Amino acid sequence: YLRWQAGIERDGLQDLDRAIETLERLLEIKGNDPAVTAELETLYRTARRPDTLRELLNERLKDMAEDQRPRALLDMAYGLVELEGPASVVPMLEQVLEYDSENLEARQLLVNALQDSDAALAAAAVLEPLLRQAEQWSQLVAVLAAKARVTDDARQRARIVEAIGDTYLDQLESPQNAFAA
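Residues numbered from 1 in each chain as written. Predicted model: local features only at pLDDT ≥ 70, side-chain atom pairs only at ≥ 80, totals over all residues. Heavy atoms only, no water.

1. Structural notes on the environment of A106
The condition that has to hold: Helix and strand assignments follow DSSP, with helices taken as H or I runs no shorter than four residues and strands as E runs no shorter than two, numbered in order from the N terminus. Only protein chains enter the accessibility calculation, which uses a 1.4 Å probe; a residue whose area is less than 20% of its type maximum is buried, one above 50% is exposed, and one in between is partly exposed. Every residue pair with non-hydrogen atoms within 4.5 Å of one another is taken to be in contact.
Note that A106 resides in helix α7 (residues 104-113). Accessibility expressed as a relative area gives 0% for A106, which makes it buried. Put simply, A106 and V90 are 16 residues apart on the chain and 9.1 Å apart in space, counted from C-alpha to C-alpha. Discounting residues that sit within four places of it in the chain, A106 has contacts with L74, L93, V96 and L97.

2. Considering the side chain of T151
Definition in use: N or O atoms within 3.5 Å of each other form a polar contact, as long as, within protein, one can give a hydrogen and the other can take it, and as long as residues adjacent in sequence are counted only when both atoms are side-chain atoms.
With respect to the element layout, T151 can be found in the loop between α9 (137-150) and α10 (154-171). On the accessibility criterion, T151 (9% relative accessible area) is buried. In this structure the side chain of T151 is engaged in a polar contact, spanning 2.6 Å, whose partner is the backbone oxygen of K147.

3. Observations regarding the packing of helix α4 (residues 50-62) against helix α5 (residues 69-84)
Helix-helix packing is described using two parameters, namely the angle between the two axes and the distance between the axes. Worth spelling out the cut-off: For helices, the fitted line uses only the C-alpha atoms of the stretch in contact; every axis is such a line through C-alpha atoms, and the angle between N-to-C directions lies from 0 to 180 degrees. Between 65 and 115 degrees an angle is taken as roughly perpendicular, under 35 as roughly parallel, over 145 as roughly antiparallel, and anywhere else as oblique. Amino acids are sorted into nonpolar (Ala, Val, Leu, Ile, Met, Phe, Trp, Tyr, Cys and Pro), charged (Asp, Glu, Lys and Arg) and polar (every other residue, Gly among them).
Across the interface, α4 lies against α5 with an axial gap of 10 Å and an inter-helix angle of 180 degrees. In terms of their interaxial angle, α4 and α5 are classed as roughly antiparallel. On α5, the residues that touch P50, D51, L53, R54, L57, N58, R60, L61 and K62 of α4 are R69, A72, L73, D75, M76, G79, L80, L83 and E84. Of the residues in the contact of α4 with α5, the class split is 9 nonpolar, 2 polar and 7 charged.

4. Topic: the pattern of salt bridges
Counted only if it meets this: A side-chain nitrogen of Lys or Arg and a carboxyl oxygen of Asp or Glu constitute a salt bridge if their distance falls within 4 Å.
Within this structure, the stated rule accounts for 8 salt bridges. Residue R45 is joined to E41 by a salt bridge in which the shortest nitrogen-to-oxygen separation is 3.7 Å. Of this pair, R45 and E41 are both found in helix α3 (residues 34-46), 4 residues apart, which corresponds to roughly one turn of the helix. Salt-bridge contacts for E102 lead to R107; the nearest nitrogen and oxygen are separated by 3.8 Å. Overlapping salt bridges bring together R71, D75 and E105 as one network.

As structure tokens, this is what we get:
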């Protein structure tokens, strides 16, 4: 009955707050119900409530099997990136990569985060060691370049540009690009 009522409040009355309250009551009664949780996630996103969305998703993670956590963390990141921006999801993506360092979705979200000045340094800090370990030198150069772009300290930026040049010279055997860096 409460799910039906929430649907009427959401769709018929277009009252997101009342629909959310009803579903929260239902969740208290039923416990961890995936269907109710999914509806609440959608409503929290629609109502632009990142804090309550984060709380809900963290509660869901507590009861989750270890092998399901990476997917749930990715879903959480997708939901929160649009509400809070890339910087807020870098720690979640780092956790995903701790489970599976080759996870392409997490890596792509971090690469996207390199374009955001608030997230670039944190994203680079996660990607840089993974790329070095995997010897993915061209991708490492792109990460270092993004890091240099947002670094305010001139000495730090010079060290990063030097690392780019060294990577071109030593790993990619490209003296022309090393000189250009």
